[in-house]
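Here is what each chain is made of, one letter per residue.
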Amino acid sequence: QAAAPLHPVAVQCQEAQVVVTVHRDLFGTGRLVRAADLTLGSAACLPVAQSVAESTVTFVAGLHECGSALQMTPDSLIYKTSLSYKPTPSGNLVIVRTNAAVVPIECHYPRKSNVSSNAVRPTWAPFRSTLSVEERLMFSLRLMNDDWSTERLSNGFQLGESLHLQADVASGDHVPLRLFVDDCVATLSPDRNSSPRYALIDLSGCLVDGRSDDTTSAFISPRPRQETLQFMVDAFKFAGDDRNLIYITCHLKVSPADQAPNALNKACSFNKASSLWAPVEGTGDICSCCEAGNCP
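Quantities reported herein were computed from a predicted structural model and do not represent experimental measurements.

With respect to the overall build of the chain
No. 1: Within the chain one finds 1 helix and 17 strands.
No. 2: Counting the 296 residues in the chain, one finds 38% classified as buried.
No. 3: Partitioning the contacts of the chain with sequence separation of at least 6, the portion at a separation of at least 24 is 58%.
No. 4: Total accessible area computed for the chain in this model is approximately 16700 Å², and 52% of it derives from carbon and sulfur atoms.

Quick notes on the environment of Asp-191
No. 1: On the secondary structure map, Asp-191 appears in the loop between strand S11 (177–187) and strand S12 (197–201).
No. 2: On the accessibility criterion, Asp-191 (41% relative accessible area) is partly exposed.
No. 3: At 3.0 Å, the side chain of Asp-191 and the backbone nitrogen of Asn-193 are in polar contact.

Quick look at the sheet that holds S11
No. 1: Ordered in space as S12-S11-S15, the 3 strands form an open sheet in which the pairing is antiparallel. Unpaired on one side and paired on the other, S12 and strand S15 (247–256) mark the two borders of the sheet. For this sheet, the mean inter-axis angle between neighbouring strands, taken without regard to orientation, is 20°.
No. 2: As paired strands, S11 and S15 are joined by 10 bridges and run antiparallel to one another. If you follow Phe-180 over to S15, its bridge partner there is Lys-253.

Observations concerning the nonpolar core
No. 1: Membership of the largest hydrophobic core comes to 23 residues, with the highest contact counts inside it found for Leu-179, Val-181, Cys-184, Ile-201, Phe-219, Leu-229 and Phe-231.
No. 2: Those residues in contact with Cys-184 that sit more than four places away from it in its chain are Tyr-198, Ala-199, Leu-200, Ile-201, Phe-231, Ile-248, Thr-249 and Cys-250.
No. 3: Counting residues in each nonpolar core, the second largest holds 19 residues, with Val-57, Ala-61, Leu-83 and Ile-105 among its members.

A few points about the state of the cysteines
No. 1: Following the criterion strictly, the structure yields 6 disulfides and no others.
No. 2: Here Cys-289 is linked by a disulfide to Cys-295, with a sulfur-sulfur distance of 2.0 Å. In this structure, the disulfide formed by Cys-289 and Cys-295 twists by about 95° around the S-S bond and is classed as right-handed. With respect to burial, Cys-289 and Cys-295 carry one shared label: buried.
No. 3: The connectivity of the disulfides in the chain is 1-4, 2-3, 5-7, 6-11, 8-9, 10-12, where the numbers refer to bonded cysteines in sequence order.

Quick look at empty space enclosed by the protein
No. 1: By the definition in use, this model includes 1 cavity of 30 Å³ or more.
No. 2: Looking at the largest cavity, it is lined by 14 residues, and the ones nearest its centre are Val-18, Leu-63, Ser-68, Tyr-79 and Thr-81.
No. 3: If you list the elements that add at least two residues to the lining of the largest cavity, you get strand S5 (56–62), strand S7 (76–85) and strand S8 (101–110).
No. 4: Taken together, the residues that form the lining of the largest cavity break down as 8 nonpolar, 3 polar and 3 charged.

Here's the deal with the sheet that holds S5
By definition, the strands of a sheet pair up through backbone hydrogen bonds, in either a parallel or an antiparallel sense.
No. 1: Reading across from one edge, S1-S2-S5-S4 is the order of the 4 strands in this open sheet, with antiparallel pairing throughout. If you trace the sheet from one side to the other, it starts and ends with strand S1 (9–13) and strand S4 (49–51), each paired once. Neighbour to neighbour, the strand axes of the sheet diverge by 15° on average, direction disregarded.
No. 2: Relative to strand S2 (residues 17–23), S1 is paired through 5 bridges, and the arrangement is antiparallel. Along S2, the bridge assignment pairs Val-9 with Val-22.

A short note on the pattern of salt bridges
No. 1: Taken as a whole and assessed by the stated rule, the structure comprises 9 salt bridges.
No. 2: Among the ionic pairs, Asp-183 bridges to Arg-192, the shortest N-O distance being 2.9 Å.
No. 3: In this structure Arg-192 comes out as partly exposed when scored by relative accessible area, which is 25%.
No. 4: Connected through shared salt-bridge partners, Arg-142, Asp-168 and Arg-225 make up one network.

What counts as what
- Starting from 1, residues in each chain are numbered consecutively following that chain's sequence as written.
- It should be noted that, the model being predicted, local features are given only for residues of pLDDT at least 70 and side-chain atom pairs only at 80 or more, the latter also being counted only at that level, while totals for whole chains, interfaces and linings use all residues.
- Hydrogens and waters are ignored; side-chain quantities use all the structure's heavy atoms.
- Helix and strand labels come from DSSP, where a helix needs a run of H or I of at least four residues and a strand needs a run of E of at least two; each type is numbered from the N terminus.
- Each residue's exposure class comes from its accessible area (1.4 Å probe, protein chains only) as a fraction of the maximum for that residue type: buried when under 20%, exposed when over 50%, partly exposed otherwise.
- In this description, contact between two residues means that some pair of their heavy atoms is separated by no more than 4.5 Å.
- Per-residue and other accessible areas follow the Shrake-Rupley method at a 1.4 Å probe size, with only the shown protein chains counted as cover for residues.
- Here a polar contact means two N or O atoms within 3.5 Å. Within protein one must be a hydrogen donor candidate and the other an acceptor candidate, and residues neighboring in sequence count only if both atoms are side-chain atoms.
- The pairing criterion is simple: DSSP has to find at least two bridges between the two strands.
- Axis definition: a line fit to C-alpha positions, over the contact stretch in the case of helices; interaxial angles, taken between N-to-C directions, run 0 to 180 degrees.
- Here, the term nonpolar core denotes a set of buried Ala, Val, Leu, Ile, Met, Phe, Trp, Tyr and Cys residues that are joined through side-chain atoms within 4.5 Å.
- Any two cysteine sulfur atoms within 2.5 Å of one another count as a disulfide.
- Using protein atoms alone on a 1 Å grid, points that fit a 1.4 Å probe yet trap it form a cavity, whereas open point sets bounded by protein on both sides within 12 Å along at least five of seven lines form a pocket; residues with an atom within 4 Å of a point count as lining.
- Grid points are joined across faces, edges and corners, and a volume is the space filled by probe spheres set on the points.
- Residue polarity follows a fixed list, in which Ala, Val, Leu, Ile, Met, Phe, Trp, Tyr, Cys and Pro are nonpolar, Asp, Glu, Lys and Arg are charged, and the others, Gly among them, are polar.
- Any carboxyl oxygen of Asp or Glu within 4 Å of a side-chain nitrogen of Lys or Arg constitutes a salt bridge here.

This is the structure in structure tokens:
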């Protein structure tokens, strides 16, 4: 609803961010609060825009930004933050004429539906005709604990630790499928094309992060099952940036399990002992393009 004295705070919960519009007549008294006295979240983020004509102030923040908190219920993801108004003395430095205020803000998202506007579609053509109209492949990418037995409760890491990442596909009644991780990129925002960006997996399944001298990053071999692929990545941060939240976006795909891995469908790690690329399954030659950098 539009921001107005009757509804002075309006919230839009978008796919990856929250937009908060605040009418400066916050208390409906006709006395406008100062925009500089308004902040969002525990990180006290500042507004990104101000309309003098409409007497409004606008905040835009990613769902994980500005010190927001995430709560999970069986059916929902709830992102919680708050709008804070802290009046500062103006003119006479001894008194203020308004009260401080905190407005709780929540964005609710369903856990059991597809948040993106694009439905998950298989990228393998030969078996598309075998899919029923209602059926979709369900891909997942999870942080696991050190022995891979359960999902990791925390997504916080110290430098020197390793991320245990597990990709899965629920294949249902399909012919047996083998899962691959085509590429993974790390960024400081949810946009995988933003800058700076760092490729962890590239070239159709080459774990290029493991090629660096100071890492032990690798795929886990053998797989626990064909529809699962596990890999480890040494914790890192972007140089010259103090933010401690990193987004990892991966493209997962499947091929028929009875189809031999090839240069397009592979999972290759760099073995420092032999200085060679080695596949989780398949012949070693399918990884030769990882070193050359010319995979399909």
